[in-house]
Amino acid sequence: MPFHALVDGASPGVQVPPHLTRIPINLISTSSDLANALVKGKVVRKGPLVSVAPNDFILKAVVQEEDSQPHISTQIPAINIVVFGELARDFSQCVSPGDVVMASGFTVSKSPTASKDKLHHLNLLLSEEDANIYVSSLKIPKLTKAPRYTYTPLGDLKAGSVVNVYGVVVFFKQPFKSHGTDFCSSLKITDKSNHNIGCTIFCEKLEEHPKIFQNGDIVRMHRVKVQLFNNTITLVNTFGFSVVTFDGKPSGSVEPRTSSRTIHFDEEDRRRVEELQTWISSQNILLSSTSSVSLSAVQPKAYFDLTCQLLAKAPVDSTCSLLRVWDGTRCPNTFLKVDVDPNDVEGPTTFSREKESFIASVLVYDNHSEFAKQLKPGAFLRIYNLRAIPVTSKECSVTGSHSEEVEHIVFHLHGGTSYGRGIRVLPENSPDVQMLKRAIAFLTDDVGNCASELNDSELLEVWSTPPESLGMANICRSSFLICRLQLQRVTLSELKQSRPGQVYRVRAQLRSYEPSKLHQALKLFCSKCSSIQEIPDDEWVASIFSEACKNSEDWAPQRTLRVHLSTQLKTEGKANELLFITGTTLEETCRLATGYNNIVPLTSSKSGLVLMDLSAPFLFRGPRRFYGCKQCSEATVRELPSRGDKLLDEKIIAEALGVQLLQFVLLMKLQLQDATDTLDVFLWKHAVSLKCSTLFTQKSHWVVFLEMLRL
């Protein structure tokens, strides 16, 4: 090992060889015998580590003699040293300015910077093949050799080799019990080489299998063997196998999903994952492969994936279990009531009439029924390849004189793992879980007016970070917002002890609020399905515009911007009030919106002109953008109806295009404190003024009017 660490000048088992003779820096020359020479000095300057090739580095430093005698020579006793290869990386990790180093096995070359830096006219060159460096420091960081992995593109796999690979999941099955003692999972992956490779993984423990949530996830597998089966390349795990999974969405997390306590993940790995996320976006893998829908969009006889929360469960028989789930939206079909023994139910046995209308019944069979025994109410699930089965039952008529046939629906998860069938528990930090929580947060036990009431205990979970705590020393100013209503004023402690349903007035100090930036509190809300979502950033919207141009039926290498006018508006002499445009970018659309009242971006398909993906705004009005709900919209490009003297606004345009318009809402969390207690409150919807605003607290149905002391 060419690098040696000496603590306080010595280290057990590490000694400077006695045959080395120290040479003063000012006596080093091209004619000196350097075979057994040793240079000692203090590091006074250390440059950055520069990578010149994979696993090849270079570093430059300045070393000066501590005990030099100026009267011996007029030369400055300091010299540049240039370190190469792994030795340079070790030097960068373990040596700091002020440390004393000794070097041997070096060569010299003329310094090109001697006239500028006024140092020795020669440089010392140290490479890992010949040189040795000894460093003496009071604190030597532990030198660890980071494992380095090479990854083989899927198009370069050779049968019989053991490789490390990155891939994007295009098909997967949840782990299932094999005929032996192991669990087996199978998946198919691809990468930029566009080769689809099947993978079969056998592991004894479920947690050792890849944590795949959906097609488009990214997997990194170490030590998999390439095999040829039926003239097709496949991958199987071998000794030392490990796997890590990442979210494939471009705006998703780069945090690895793994049950292992220690994994190797550095900036190079992060770069690989981010490159694959960008590639996935350009290939539309996520858009083309997902079949996940909400309850409000389920169609009879359809197969789909459902992301939901488990409320209760119960066994039906030895091969079937009932799961009661919801996702914050209401299914348009009535669910078949499945009778089970209340004593067998884990979780609530009954729900309010309104809440019951949001809850779905899922019957899971065979191996899935066994897995359901491990599930706990409150868990967030993704159920794959679920089927909506319509059934007909007879019920008594209102008068009771005869029976009527009534259409119901029930969800079945058949046994086996065909088509990826299975159940996966999602972690709390999953983006899909966070979105689901926001949707469920609009529902309370009394959901008759679920679009305007919040379940405060569930809403608390929306805020993943704890509120900031500001000390009294941080108070820089105070102001008062006075409520003019004649209400009884109480302390926060008294408020917590009072009966729900009352209206009070409090005077409290605002200690913190979330989010810290106001624009982060703005959300998009659908009044029809009660879903809530983040406002997409410009980078994501720009990528949708770019993909729309590439996927357009009339796409050409030379992009052409086309303008389409409404025939109805032309007859009314108001053609410029609404423009339909194709072949445009986000930047161009924003520029056009400054000169025209209404801009609707379109793309062309085989059937004609269509709206772009509703993840992007469907309408631009000056600086304002309007979004539509993907679940509730039935978007189509058609002529505007005659509107007489009505002013053309976003509501008329949305209705004409079949778009369910999303509303901008405000959602903030405040922490209040007075001399008696603290209280978390939520500022909701259009309550943009703190003066006499309605706030919902942790305990349901309190309404608080505030005189607030703001920090």
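Residues numbered from 1 in each chain as written. Predicted model: local features only at pLDDT ≥ 70, side-chain atom pairs only at ≥ 80, totals over all residues. Heavy atoms only, no water.

**As for the overall build of the protein chain**
Helix and strand counts for the protein chain come out as 13 helices and 36 strands. Across the 711 residues that make up the protein chain, the buried fraction comes to 44%. Partitioning the contacts of the protein chain with sequence separation of at least 6, the portion at a separation of at least 24 is 64%. Summed over its atoms, the accessible surface of the protein chain is roughly 36,700 Å², and 51% of this surface lies on carbon and sulfur atoms. (Helix = DSSP H or I, 4+ residues; strand = E, 2+ residues; numbered from the N terminus. Buried < 20%, exposed > 50% of the residue type's maximum accessible area, 1.4 Å probe, protein only. Contact = heavy atoms within 4.5 Å. Areas by Shrake-Rupley, 256 points an atom, 1.4 Å probe, with all protein chains shown as cover.)

**Section: the packing of aromatic side chains**
Inspection of every chain in the model, using the stated rule, returns seven aromatic pairs. Taken together, a centroid distance of 5.3 Å and an interplanar angle of 90° make the contact between Phe 172 and Tyr 384 edge-to-face. With Phe 172 in strand β11 (residues 162-172) and Tyr 384 in strand β20 (residues 380-396), this residue pair connects regions lying 212 residues apart in the sequence. We note that Phe 172, like Tyr 384, is buried. For the ring pair Phe 335 and Phe 411, a centre distance of 5.1 Å and an interplane angle of 85° mean the geometry is edge-to-face. In this pair, Phe 335 sits in the loop between β18 (320-326) and α5 (353-356) while Phe 411 sits in strand β21 (residues 403-413), placing the two residues 76 residues apart along the sequence. (Phe/Tyr/Trp six-rings, centres within 6.5 Å; stacked < 30°, edge-to-face > 60°.)

**Section: a nonpolar patch on the surface**
Taken together, the side chains of Leu 522, Ile 535 and Phe 664 present a nonpolar region at the surface, about 200 Å² in accessible area. Relative to the helices and strands, Leu 522 resides in strand β25 (residues 522-525). (Patch = residues over 30% accessible without salt bridge, like charges linked within 9 Å, V, L, I, M, F, W, Y side chains within 5 Å. Salt bridge = Lys/Arg side-chain N within 4 Å of Asp/Glu carboxyl O.)

**Some details on helix α1 (residues 85-94)**
Judged by how many residues are buried, α1 sits mostly within the fold: eight of 10 residues are covered. Taken as a whole, α1 has its buried residues at Gly 85, Glu 86, Leu 87, Ala 88, Arg 89, Asp 90, Phe 91 and Cys 94.

**Things to note about the state of the cysteines**
Following the criterion strictly, the structure yields zero disulfides and no others. Summary of cysteine pairing: Cys 526 is not part of a disulfide, and the nearest cysteine sulfur, belonging to Cys 529, is at 3.6 Å. For Cys 526, a relative accessible area of 0% puts it in the buried group. Of the cysteine sulfurs around Cys 632, a residue in no disulfide, the closest is that of Cys 529, at 3.5 Å. (Disulfide = S-S within 2.5 Å.)

**Side note on helix α10 (residues 538-550)**
Think of an α-helix as 3.6 residues a turn; residues three or four steps apart then line up on the same face. Between the first and last C-alpha of α10 there are 18 Å, a value that for 13 residues agrees with the 18 Å anticipated at 1.5 Å per step. Among the residues of α10, those classed as buried are Val 541, Ile 544, Phe 545, Glu 547, Ala 548 and Cys 549. The secondary structure elements touched by the buried residues of α10 are α3 (267-283), α12 (586-593), β29 (599-605) and β31 (619-621). (Expected span 1.5 Å × (residues − 1).)

**Re the pattern of salt bridges**
Evaluation of the coordinates by the stated rule reveals 21 salt bridges. The salt bridge partner of Lys 192 is Glu 275, with a shortest N-O separation of 3.8 Å. Placement of the pair is Lys 192 in the loop between β13 (183-190) and β14 (197-203) and Glu 275 in helix α3, with a sequence separation of 83 residues. Using a relative accessible area of 34% as the deciding quantity, one classes Glu 275 as partly exposed. The partner of Asp 677 in a salt bridge is Lys 496, and the shortest N-O contact between them spans 3.6 Å. Within this pair, whereas Asp 677 is found in the loop between β33 (663-673) and β34 (678-685), its partner Lys 496 is found in helix α9 (residues 492-497), the two being separated by 181 residues in sequence. Salt bridges here are not isolated pairs; linked through shared partners, they connect Lys 192, Glu 268, Arg 271, Arg 272 and Glu 275.

**Some remarks on the pairing of β25**
In the sheet, β25 pairs with β33 via four bridges, with the strands oriented antiparallel. Paired with Leu 524 across the bridge in β33 is Phe 664. As paired elements, β25 and strand β26 (residues 532-533) share two bridges and run antiparallel to each other. In the sheet register, Leu 524 faces β26, and the bridge partner there is Gln 533. (Pairing = 2+ DSSP bridges.)

**A word on the nonpolar core**
Ranked by size, the top nonpolar core spans 32 residues in total, and within it Leu 157, Val 165, Leu 187, Ile 189, Met 221 and Leu 235 carry the most contacts. When contributions to this core are tallied by element, the ones reaching two or more residues are β11, β13, β14, β15 (218-229), β16 (232-246), β20 and α7 (431-440). Val 39, Val 43, Leu 87 and Ala 88 belong to the second-largest nonpolar core, a separate cluster that totals 29 residues. (Core = buried A, V, L, I, M, F, W, Y, C linked by side-chain atoms within 4.5 Å.)

**Focus on a negative patch on the surface**
The grouping of Asp 56, Glu 128, Glu 129 and Asp 130 at the surface amounts to a negative patch. Tracing the backbone through its elements, the reader meets Asp 56 in strand β5 (residues 56-64). (Lys, Arg positive; Asp, Glu negative; His and termini not counted. Charge placed at Lys NZ, Arg CZ, Asp CG, Glu CD.)

**Examining the side chain of Asn 385**
Considering the arrangement of structural elements, one finds Asn 385 in strand β20. Of the polar contacts made by the side chain of Asn 385, one reaches the side chain of Arg 421; its length is 3.1 Å. Every residue in contact with Asn 385, bar those within four places of it in the chain, is listed here: Tyr 303, Phe 304, Asp 305, Leu 413, Ser 418, Tyr 419 and Arg 421. (Polar contact = N/O pair within 3.5 Å; in protein donor to acceptor, adjacent residues only side chain to side chain.)

**Here we look at the environment of Thr 678**
Within the secondary structure, Thr 678 sits in strand β34. Residues Thr 678 and Leu 492, 186 residues apart in the sequence, show an inter-C-alpha distance of 6.7 Å. In contact with Thr 678, not counting residues within four places along its chain, are Leu 492, Lys 496, Leu 672 and Gln 673.

**Side note on unusual backbone geometry**
Keep in mind that most residues, glycine aside, have a negative phi and that most peptide bonds are trans. Cis geometry is adopted by the peptide bond preceding Pro 515, which originates at Glu 514 and carries an omega value of -5°. Backbone geometry at Lys 118 places phi at a positive 60°, although glycine is not the residue there. For Lys 118, a relative accessible area of 54% corresponds to the exposed category. Even without a glycine there, the phi angle at Asn 230 is positive, about 55°. Note on placement: Asn 230 falls in the loop between β15 and β16.

**Side note on the pairing of strand β28 (residues 579-582)**
Going residue by residue along β28, you find Leu 579 and Ile 581 tucked away on one face and Phe 580 and Thr 582 tucked away on the opposite face as well. For strand β27 (residues 562-565) and β28, the ladder comprises four bridges, and the chain directions are antiparallel. Of the residues in β28, the one forming a bridge with Val 563 is Ile 581. Sheet analysis places β28 next to β29, joined by three bridges and oriented parallel.

**A look at the environment of Gln 660**
Tracing the sequence through the fold places Gln 660 in the loop between α13 (650-657) and β33. Sequence spacing of Gln 660 and Gln 631 is 29 residues, and the spatial spacing of their C-alpha atoms is 8.7 Å. When near neighbours in sequence (up to four residues on either side) are disregarded, Gln 660 contacts Cys 526, Ser 527, Lys 528, Tyr 627, Gly 628, Cys 629, Cys 632 and Ser 633.

**A word on the confidence of the model for the protein chain**
Averaged over every residue, the pLDDT of the protein chain is 78; residues scoring 70 or more account for 79%. Across residues 69-73, confidence stays below pLDDT 50; counting only partners more than four residues off in sequence or on other chains, it has one contact. Note on residues 686-711: pLDDT is under 50 here. Beyond four places in sequence and across chains, it has 107 contacts. (pLDDT = per-residue confidence, 0-100.)

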